[in-house]
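Results of the structural survey
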Amino acid sequence: MTTFVDRVELHVAAGSGGHGCASVHREKFKPLGGPDGGTGGRGGDVILVVDQSVTTLLEYHHSPHRKATNGRPGEGANRSGKDGQDLVLPVPDGTVILDKKGNVLADLVGQGTTFVAAEGGRGGLGNAALASARRKAPGFALLGEPGRSGDIVLELKTVADVALVGYPSAGKSSLISVLSAAKPKIADYPFTTLVPNLGVVTAGSTVYTIADVPGLIPGASQGRGLGLEFLRHVERCSVLVHILDTATLESDRDPISDLDMIEEELKQYGGLDDRPRIAVLNKIDIPDGLDLAEMIRPELEARGLRVYEVSAVARTGLKELSFALAEIIAAQRAAKPVEEATRVVIRPKAVDDTGFTVSLEEDGLYRVRGEKPERWVRQTDFSNDEAVGYLADRLSRLGVEGELMKAGARSGDGVAIGPEDDAVVFDWEPTVMAGAEMLGRRGEDHRLDAPRPAAVRRRDRDAERDEADKEYDDFKPF
């Protein structure tokens, strides 16, 4: 049995970047040939993409946890790690992405529309990339950044031009089955339709889609019946068509009261007042139904509604209805403003923008927030003193220490870098100059410049002489 799911909560996690490699090139007679550690690979993204062959979110209802692959770590010999593979998740056309608080992050409409739900982490630089004239042989590498993760809500809102609304068993499914090639389930009991049905109608040169929205009864906007679950599928429709049953067997119902009830539920749901309405009096193939349709038609027209009398069973009045809908939809499409080309707006940073902020919190803790310092902290291996010193140099050059002093920080005060739930906290000790200037060229392996012992020099000289003799023997004349 097929299950329709149009709202799911999805936990997405991007891949983490691979760690950089700290390696030294080694070969015969050259044990310290310089740094050759490669950079780690980038973590894979989690990407949502519209696929019109997908019509439900059922797959994510059963498997709500999705994770992209991590980047591979770098290796020696300047070999970079492999990037993680992006995880592409197909979603139906009309899927809205929200955060946990209900804020809309993206509205995916149109084949191929994409949204990056979680970005993969950067790969850490290897010590070869960290080498410089002042740091010839770094004994450390940067860590890969963790990938972004979090919970998002996927909510499907059907993309259709026309929405058929009305009481259960009013004939909506029968009407969509004869207007289009859709084959919904049809039976003579309420709530036969449990999922929105979508059909394509061609009327002259106009092609439009029509949706059957099930489950509207009194109290639908407050969650009674199936109405609240499917009212969202009405939001994108350009035209609302009231399907009124003129041959109902329920004594306490009539087409006028049905119309008033549905309109009240649409009003309670909100946001649909500007949609044009059409009233369709269905089941006129039944004599009593035809008589009732003729009686109430003047009242409906007095309300400003265009009224059409049809019979889905006898296929009466369908052509007039389909062309009337095509006329309204064509007018709606023509009235839409032409979308302008996307303009690229360049907003350069202010000259005094440091890229970070320093604030004093109530508990006396100084907190540093900013993209660069937070990223540098995530990339630092705190078990390596050299890596910690490199972080201190970077923060000092960025101006963090100067801003802390301006904010009133003193020796021994607590400083946190990062958000409250994931911060590095330490006791601050101010310095006059950056760590690299205090300690010399931090990160340089001095063994590269140290004088070689006499025995090593004799061994290298003998090896060079033997190599020269071999070349002479290979090329001497006969």
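No experiment lies behind these values; they were computed from the predicted model shown. (Residues numbered from 1 in each chain as written. Predicted model: local features only at pLDDT ≥ 70, side-chain atom pairs only at ≥ 80, totals over all residues. Heavy atoms only, no water.)

Axis separation between helix H3 (residues 172-179) and helix H7 (residues 318-335) bottoms out at 11 Å; the angle between their running directions is 85°. Classified by the angle their axes make, H3 and H7 are roughly perpendicular. Along its contact with H3, which presents Leu175, Val178 and Leu179, the element H7 presents Leu318, Leu321 and Ser322. (Axes fitted to C-alpha atoms, helices over the stretch in contact; angles between N-to-C directions. Helix = DSSP H or I, 4+ residues; strand = E, 2+ residues; numbered from the N terminus. Parallel < 35°, antiparallel > 145°, perpendicular 65-115°, else oblique. Contact = heavy atoms within 4.5 Å.)

Looking now at the side chain of Ser311. By the secondary structure assignment, Ser311 is in the loop between strand S14 (306-309) and H7. Here the side chain of Ser311 touches Asp285 through a polar contact of 2.9 Å, side chain to side chain. Beyond its immediate chain neighbours, meaning those up to four positions away, Ser311 contacts Asn282, Lys283, Ile284, Asp285, Thr316 and Leu318. (Polar contact = N/O pair within 3.5 Å; in protein donor to acceptor, adjacent residues only side chain to side chain.)

Closest axis-to-axis distance for the helix H8 (residues 371-378)/helix H9 (residues 385-398) pair is 10 Å, and the angle between their directions is 175°. Comparing the axis directions of H8 and H9 gives the class roughly antiparallel. Listed contacts from H9 to Lys372, Pro373, Trp376 and Val377 of H8 are Leu391, Arg394, Leu395 and Leu398. For the contact of H8 with H9, the class distribution of residues is six nonpolar, no polar and two charged. (Nonpolar A, V, L, I, M, F, W, Y, C, P; charged D, E, K, R; others polar.)

What follows deals with the nonpolar core. Core analysis: the largest hydrophobic core is formed by 26 residues, its most contacted members being Val162, Leu175, Val241 and Leu321. When residues of this core are assigned to their parent elements, the largest contribution, seven residues, is made by H7. Aside from chain neighbours lying at most four places away, what touches Val162 is Tyr208, Thr209, Ile210, Ala211, Cys237, Val239, Val241, Leu325 and Ile329. By size, the runner-up hydrophobic cluster in this structure holds 21 residues, among which are Val12, Val91, Ala106 and Ala118. (Core = buried A, V, L, I, M, F, W, Y, C linked by side-chain atoms within 4.5 Å. Buried < 20%, exposed > 50% of the residue type's maximum accessible area, 1.4 Å probe, protein only.)

To continue, consider the UniProt feature "binding site: Mg(2+)" (unreviewed entry) in the protein chain. UniProt tags Ser173 and Thr193 as "binding site: Mg(2+)" (unreviewed entry). Tracing the backbone through its elements, the reader meets Ser173 in helix H3. For Ser173, a relative accessible area of 9% corresponds to the buried category. (UniProt positions renumbered as here; feature names shortened; annotations may be inferred.)

What follows concerns the confidence of the model for the protein chain. Residues with a pLDDT of 70 or more make up 78% of the protein chain, whose mean pLDDT is 79. Confidence drops under a pLDDT of 50 for residues 432-450, and excluding neighbours within four residues, the segment shows 37 contacts in the predicted structure. (pLDDT = per-residue confidence, 0-100.)

With that out of the way, let us pick up the environment of Ala392. Positionally, Ala392 belongs in helix H9. C-alpha separation for the pair Ala392 and Trp376, spaced 16 residues apart in sequence, amounts to 9.9 Å.

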